[in-house]
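Chain by chain, the residues:
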Amino acid sequence: MLGTYRQIFAAPGSAAFSAAGFVARVPIAMVGIGIVTMLSELRGDYALAGALAAVFALTYAFITPVVSRAVDRYGQSRVLPVASGISATSLAAMLLCVRFGTPDWVLFVWAVPAGCMPTIGAMVRARWTELYRGTPLLRTAFAFEAVVDELCFIAGPVVSVGLSVTVFPEAGPLAGLVLLVVGTLALVAQRGTEPPVHSSPDGGRPSVVRTPALWILVAVMVSMGTIFGVIDVGAIAFTRSHDAPASATVVLALFAAGSAVAGLVFGAVRVSASLRKQLMVAVLAVAVLMVPLLLAGSIPALAVAYAVAGMTVAPIMIVTTGLVEQIVPAAALTEGITWIVTGLGVGVAVGSALAGRMIDEFGTTAGYAVAAVAALLASMVTPWLFVKQSASTERPSSTR
């Protein structure tokens, strides 16, 4: 398995852009929770903190497809420094406003342009696609990036919260700002692996929003994001109800670790079934593995259920990215991948809100029921991929 992953880094520049992408990707896992920690430390206002973090998350979800479309049209080296600069400048202004006690509405004004932060994961995957399109190594590269995503969301919140609590309240989001700038500049400096700008055959710009199969994938990702939102809120609520709130970090780490391990194994094996069939099986597995969350009666049981359920996450992300590479034009690959991330972001916001309301009203089991329903909906949507399959838009891919 390790030999398989060594092969993807044989290409010149691959290790450099992957490392730069990791640095530039961590901030998205740091800023939201950093905003919450910062405001709770300075003002003790969780309502304001949550609302501000939500505005940042939603604007990020809806602005990043526009940024990625510009990348597909003009190239990473021209667009990423501008988008990251706008995001970093807005975050810096927000931190200054917090420090100097400006009115709350000013913070929301700056939270919107802060959402220009590029989806670095899509940029890195686009580079891997240019290197290994049409080869089995593309699947392995996507698997590696899925694991990197998990590492970002394990390390990012821990570093952000730790800095804000131990150094000064603004330190967490400030560190995310610095990493965004440094990582982005390091990534665009790797010009040798930057994907070329593809022109469409008819000379016009392709529109991925006209691809029905992509919207089915986005719907599946909204469901998956909803599950992620429930997973986060549910772990905190469940462990607190059992008088062990600190164990929530362990439970969530096991979920991420299960995903990372499964991603590494999944990326190293060869599966003969089509990507559509793989996605259908994986989504059905998620639906089944939500049931133990409803039945868990202790923290150890919940931890085991989280670890097992997490094993489905990375494979779904790997297969979904592979499907996007198949169904969207090469000239719109970055935008297509970014819409998947947007679906996840919207789902996380929905899942967190619904789970919180259900837990407040009916308890933690009701919160996990939201995840079960989301998984069931995803399993109902996925078969439509076969109905919407179009021979005119899908390209053969060795990621099958």
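Predicted model, so just to flag it, every value in this text is computed and none were measured. (Residues numbered from 1 in each chain as written. Predicted model: local features only at pLDDT ≥ 70, side-chain atom pairs only at ≥ 80, totals over all residues. Heavy atoms only, no water.)

Caption draft 1: Local environment of the nonpolar core. Judged by nonpolar contacts, the single largest core of 83 residues is most densely connected at L214, M224, I227 and Y306. For this core, the element with the highest residue contribution is helix α10 (residues 212–241), accounting for 14 residues. Split by domain, this core shows at least three residues from each of two domains, domain 1 (1–193) and domain 2 (209–384). What M224 contacts, discounting residues up to four positions off in sequence, is V286, I316 and L344. Formed by 22 residues, the second largest nonpolar core is a distinct cluster that contains L52, V106, A111 and L180. (Core = buried A, V, L, I, M, F, W, Y, C linked by side-chain atoms within 4.5 Å. Buried < 20%, exposed > 50% of the residue type's maximum accessible area, 1.4 Å probe, protein only. Helix = DSSP H or I, 4+ residues; strand = E, 2+ residues; numbered from the N terminus. Domains from an automatic or database assignment. Contact = heavy atoms within 4.5 Å.)

Caption draft 2: Here's a closer look at the packing of aromatic side chains. Overall, the coordinates contain nine aromatic pairs when judged by the stated rule. Here F255 and Y306 contribute two aromatic rings whose centre-to-centre distance is 5.9 Å and whose plane-to-plane angle is 70°, an arrangement assigned as edge-to-face. Of this pair, F255 sits in helix α11 (residues 248–268) while Y306 sits in helix α14 (residues 299–310); the two residues are 51 residues apart in sequence, bridging distant segments of the chain. With a relative accessible area of 10%, F255 lands in the buried category. On the basis of relative accessible area, Y306 is assigned to the buried category, the value being 0%. On the basis of an interplanar angle of 85° and a centroid distance of 6.3 Å, the ring pair of Y306 and Y368 is categorised as edge-to-face. (Phe/Tyr/Trp six-rings, centres within 6.5 Å; stacked < 30°, edge-to-face > 60°.)

Caption draft 3: How the structure looks around helix α12 (residues 275–289). The terminal C-alpha atoms of α12, which comprises 15 residues, lie 21 Å apart, in line with the 21 Å expected from a rise of 1.5 Å per residue. Those residues of α12 that sit buried are L275, R276, Q278, L279, A282, V283 and V286. Take α12 and look down its axis: the buried residues cluster within an arc of 160°, on one side only. Facing away from the buried side of α12 by more than 90 degrees, the exposed set consists of V281 and V288. (Expected span 1.5 Å × (residues − 1). Arc of directions from axis to C-beta.)

Caption draft 4: Summary view of the domain arrangement of the chain. For the chain, the assigned domains read domain 1 (1–193) and domain 2 (209–384). A separation of 21 Å is found between the C-alpha centroids of domain 1 and domain 2. Facing the 30 residues of domain 1 at the interface are 32 residues of domain 2. For the domain 1 and domain 2 pair, buried surface summed over both sides reaches about 2700 Å², with 68% attributable to carbon and sulfur atoms. The largest per-residue losses of area from domain 1 upon contact with domain 2 belong to D72, R139 and E150, which jointly make up 24% of the total buried on that side. Across the salt bridge formed by R69 and E335, the nearest N and O atoms sit 3.2 Å from each other. In this assembly, domain 1 and domain 2 are joined by four residue pairs in polar contact (both at pLDDT 80 or more). Here the side of domain 1 that touches domain 2 gets 10 residues from one element, more than from any other, and that element is helix α4 (residues 46–74). Residue classes in the side of domain 1 that touches domain 2 are distributed as 18 nonpolar, six polar and six charged. (Buried area = accessible area lost by both parts, 1.4 Å probe. Salt bridge = Lys/Arg side-chain N within 4 Å of Asp/Glu carboxyl O. Polar contact = N/O pair within 3.5 Å; in protein donor to acceptor, adjacent residues only side chain to side chain. Nonpolar A, V, L, I, M, F, W, Y, C, P; charged D, E, K, R; others polar.)

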